[in-house]
Amino acid sequence: MNNSSENNSFRVSLALAWRLAQRDFRAIGSSFVILFLCLALGMAMITTVGAVLASVEAGLQSEGRRLLGGDVELRLAQRPASSAEYDALKDGGLLSHAIEMRVIARRGTGEEEKTALAEVKAVDGLYPLYGTLTVDPDEPVDFSRQPGGAWSAYADPALADRLDLEAGDRFRLGDARLVLAGLIIREPDQVASVFSLGPRLLLSQDALQDSGLLRQGALATHLYRLRFDPSIDADAWLEDLKTAFPQAGWRVRGPDNAAPGVERFIERLAIFLTLSAMTALLIGGVGIANAVRAHLNARLGSIAILKCLGAPPPVIMQTHIIQLAVVVLAAILVGLAVGSIMAYWGSGFLAKTTPIEAVAGLYLNPLLAAAAAGKLVAIIAAAWPLAAARDVKAASLFRFAVMPPPTRATLGLILLVGVCFAGLVLWVFVVIPDWRFAFWFVCGVSVAFSCLWAASHAVIAAARLCRKFLDHAPQAWPALRLALANLVRPGAPALGVFLSLGVSLSALIAIAVIDENLARLITKRMPESAPAYFFTDIRSDQAADFENLLTQAEEVEKYEAARIIRGRITAIADMDAARVKVAPETQWALRGDRVFTVAAVPPPGTDIAEGVWWPSDYQGDPLISLDAGLAKGFGVDIGDYLTLNILGRDIRARIANLRWIDWAGLNLNFAVILSPYTLNAAPMNHIYAVHAAPEDENILWEMVIDNFDTVTPIRVRDALEAAIGLIANVSLAAKLAAAATLFSGVLVLIGAMAALQAQSLRELAVFKVLGATRSQLQRAYLLEYGLLGMIAAVLAVILGTVGGWGVVTRLMEGDWFISAEFPLLTAAACTALTIAVGAVAIRRVYRRRASIYLRNE
């Protein structure tokens, strides 16, 4: 009976609260508009990033075999599969073989000759196993030899443009004569990397053999793609293959890892954008709190009247919870809708700029994740000010204009906020795949909000002290005294301004200083120390002649040389490298083939961190000189062993010393250097890093390729320009995210000013009656807003600069540089923005007649 009575009572109170909420919706003003915009903006950003990432993952799942070129791909560096290996591969099903290498394509002769670096892919008759090679003109693809002896080839439009080629034109590749049969519109198994050093050239393996470039030891990668027979168990077959050929050294990839380069790049970008969107949502949470507080302050009279009429506290709480829930639900739905629409655009953009066809659509997981984040932030932000409605006394009807009621921190309120906060932290760790980024984001945001919260209270305390000091000179600085009084009055905007502008500007400044350091590294520091060219694929029998050319060339300032060979790290401290958990920043060393070298003496500029170099005549067991950063990430030290697979042979070598390497200099650095006796019998090539003045680079290019057909020149300037373009795109995305975060902060600032409008109207009415002039009041309020904006800007500059310094020096391990120009401009802009918003608010206040408020009192 009691339970039934309680249920009926709850339904009655809820029905009453619903009716009151419906009637009170007419009184909802600009405060809830700000709440709606803040929440919808953060929701839209989170939804967009999550939906785009989901569409990329769906694209990889549906297009994985096309991007990979088969059900499985096995890569071998600098050697083809042996007869036994090839036969074993062929037993798995339909086998296609392709060869990739960088070469120089030529057209014309003499002074009219044009040359260009190309990424060659030589294919067989089964290519492609999945997908379709799309070319222009749209005719059947034909790689055969044409009448006259020229081989048909298909080129990327960029390569055709560099060589000034049209369909039917002839050009050369080493000793082979080629004819351009068409342009590549879409390569089904396009290499999934963020940038490459040369455009694609497709031809047959017979044409590549005819060129004379595919010699023993050439820097070529052999790709074996399989389309499994339906009766074969792929996992069991791969295990049997590994058992049969334990030292083959091939890199195995499946459809789930078809585009590792692009996938990692998009995942990292998505992490950053998700964290930026979360920052915007958290800043919006400050706006939600301000909006709810402003709405409730405006409704305190109505609440007090309801209390006088006997309305129970639960009904009043339910009324405002219903109102807030409706607005929050509407904001979430709009944010999800806008984010989904933006995700369609983002998926289309990715399809144009990457080989992945993102599958646009409505994905439930990112929508649920975004909705959960929005609800948690809304509850955390609104719970505390909503609790004020519960504590309103009937007597507040006569004094609420002077002192809004404080909120009592009950156990239930603390538990609710605490649980939601824990849920929000858990959300960050679940959505962000890299726990390090999630951890530092949570710590960084907590520190930033704590510092700004403490700063707001410190400013209020300082204002009180200054006010007491000025009380001794009552006639001096009246505008300043009034501004200080406004800063310490109940409900002052200091906390809202600091949290909204402080966090958003901190994020903007941090992004700006990181971008500035990256740009400076690539555009200034690297070009100053980097060579003009890396010349690779130089055979041992060519090395003496090549060095003689460099020595005699006046254009060459200096050069470095090394013998190189490609291989893989297959075991770390005698454990399979695939099963070793290494630090994320060193995983690159295990993803594919690496370039190794040998040296009898330490290379020039070697900085040994630990251990000693081997004797110059050392001929004992294999030794390694390892990059100290790589050793730390691998968890190894002096005396531990690494196993390298080179040309199908496992070499177990002991770490003899560790070196500090400055990778930013782009000098001839190697993470792994072996004792020279280790690879005496291996067919090693030579690489040269050549320094020359920018105006001499073209002369040096022509000089080398005229004398050495098989040498591959890599212009460092081209690689830097590609990196600059990539960073520019990332920087643009980062700045757009920061701009959205800043816009969220401006919305919160406007909401904070709007929350004080009613209180300011009453204060100004009193001041006018007491004889204050309009100019005096304007100066006082503008001085107040100017002080808030300036202090918030200074705090943002400090927090943003410290955050950027931490990312650059700790995560990126780079050199730190900062220009004071942008932080100072940001501080000035922040101050001006705060004053401008305050001026607009004051102007709206002055348009209202003071007598209205005096009569109401």
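Here goes a summary of the coordinates provided. Please read all numbers here as calculations on a predicted model, not as lab measurements. (Residues numbered from 1 in each chain as written. Predicted model: local features only at pLDDT ≥ 70, side-chain atom pairs only at ≥ 80, totals over all residues. Heavy atoms only, no water.)

## Details of the overall build of the chain
Summing up its helical and strand segments, the chain has 23 helices and 21 strands in all. Residues classed as buried in the chain amount to 50% of the 857 residues present. Here the contacts in the chain between residues at least 6 apart in sequence split such that 83% fall between residues at least 24 apart. Roughly 40,200 Å² of accessible area belongs to the chain as shown, and the carbon and sulfur atoms make up 59% of that amount. (Helix = DSSP H or I, 4+ residues; strand = E, 2+ residues; numbered from the N terminus. Buried < 20%, exposed > 50% of the residue type's maximum accessible area, 1.4 Å probe, protein only. Contact = heavy atoms within 4.5 Å. Areas by Shrake-Rupley, 256 points an atom, 1.4 Å probe, with all protein chains shown as cover.)

## Re the nonpolar core
Of all hydrophobic cores here, the largest spans 66 residues; its most connected members are Leu35 and Met278. Considering each element in turn, this core owes the most residues, 14 residues, to helix α7 (residues 260–298). Residues within four places of Met278 in sequence aside, it is in contact with Ile46, Ala373, Val377, Leu424, Trp427 and Phe441. Among the nonpolar cores identified, the runner-up in size contains 29 residues, and Leu630, Ala631, Ile651 and Leu674 belong to it. (Core = buried A, V, L, I, M, F, W, Y, C linked by side-chain atoms within 4.5 Å.)

## Some remarks on the pattern of salt bridges
If you walk through the whole model with that rule in mind, you get 21 salt bridges. Here Glu73 makes a salt bridge to Arg225, at a shortest N to O gap of 2.9 Å. Of this pair, Glu73 sits in strand β1 (residues 72–77) while Arg225 sits in strand β9 (residues 221–228); the two residues are 152 residues apart in sequence, bridging distant segments of the chain. A residue is classified by how much of its surface remains accessible, and Glu73, at 0% relative accessible area, is buried. Classification of Arg225 by relative accessible area gives buried; the value is 4%. If you follow the salt bridges from partner to partner, you end up with Glu73, Arg75, Glu100, Lys121, Glu187, Asp189, Arg200, Arg225 and Arg253 in one network. (Salt bridge = Lys/Arg side-chain N within 4 Å of Asp/Glu carboxyl O.)

## So, the packing of aromatic side chains
Inspection of the entire model under this criterion finds twelve aromatic pairs. For the ring pair Phe245 and Trp250, a centre distance of 6.0 Å and an interplane angle of 75° mean the geometry is edge-to-face. Classification of Trp250 by relative accessible area gives buried; the value is 9%. On the numbers, 5.5 Å between centres and 75° between planes, the contact of Phe439 with Trp440 is edge-to-face. On the basis of relative accessible area, Phe439 is assigned to the partly exposed category, the value being 36%. Among the aromatic residues, those joined into a cluster by ring pairs are Tyr533, Phe535, Phe546, Tyr559, Tyr688, Trp701 and Phe708. The aromatic ring of Tyr641 is capped on one face by Arg652, whose charged end is 3.7 Å from the ring centroid. (Phe/Tyr/Trp six-rings, centres within 6.5 Å; stacked < 30°, edge-to-face > 60°. Lys NZ or Arg CZ within 6 Å of the ring centre and 35° of its normal.)

## Quick look at the environment of Ala455
Looking at the secondary structure, you find Ala455 in helix α12 (residues 435–470). Ala455 gets classed as buried once you look at its relative accessible area, which sits at 12%. In the structure, Ala455 is positioned 44 residues away from Leu499 in sequence and 9.8 Å away in space, judged by C-alpha atoms. Apart from the residues within four sequence positions on either side, Ala455 is in contact with Phe498 and Leu795.

## Some points on unusual backbone geometry
With an omega of -10°, the peptide bond running from Tyr127 to Pro128 counts as cis. Note that Pro128 resides in the loop between β3 (114–123) and β4 (134–136). Residue Pro137 is reached from Asp136 by a cis peptide bond, and omega for that bond is 10°. Tracing the sequence through the fold places Pro137 in the loop between β4 and β5 (151–155). The residue Gln78 is not glycine, and still its phi comes out positive at about 65°. With respect to the helices and strands, the residue Gln78 is situated in the loop between β1 and α3 (83–90). Unusually for a residue other than glycine, Asp164 sits at a positive phi of about 55°. Inspection of the secondary structure assignment puts Asp164 in the loop between α4 (157–163) and β6 (170–173). The class for Asp164 is partly exposed, based on a relative accessible area of 44%.

## Overview of the pairing of strand β12 (residues 556–572)
Remark: a regular strand shows side chains that alternate across the two faces of the sheet. Strand direction decides the pairing type here: β12 and strand β20 (residues 685–692), joined by eight bridges, are antiparallel. Residue Glu560 lies in a different strand from β20, and its bridge partner there is Ala689. By the bridge criterion, four bridges tie β12 to strand β14 (residues 594–598) in an arrangement that is antiparallel. Along β14, the bridge assignment pairs Ile564 with Thr597. The sheet contact formed by β12 and strand β17 (residues 641–646) spans four bridges and is antiparallel. Paired with Ile569 across the bridge in β17 is Leu644. Pairing of β12 with strand β13 (residues 575–576), which is carried by two bridges, proceeds in the antiparallel orientation. Looking at the pairing, Ile572 lines up with Met575 of β13. Between β12 and β13, which follow one another and run antiparallel, lie two residues, and Ala573 among them has a positive phi close to 50°. (Pairing = 2+ DSSP bridges.)

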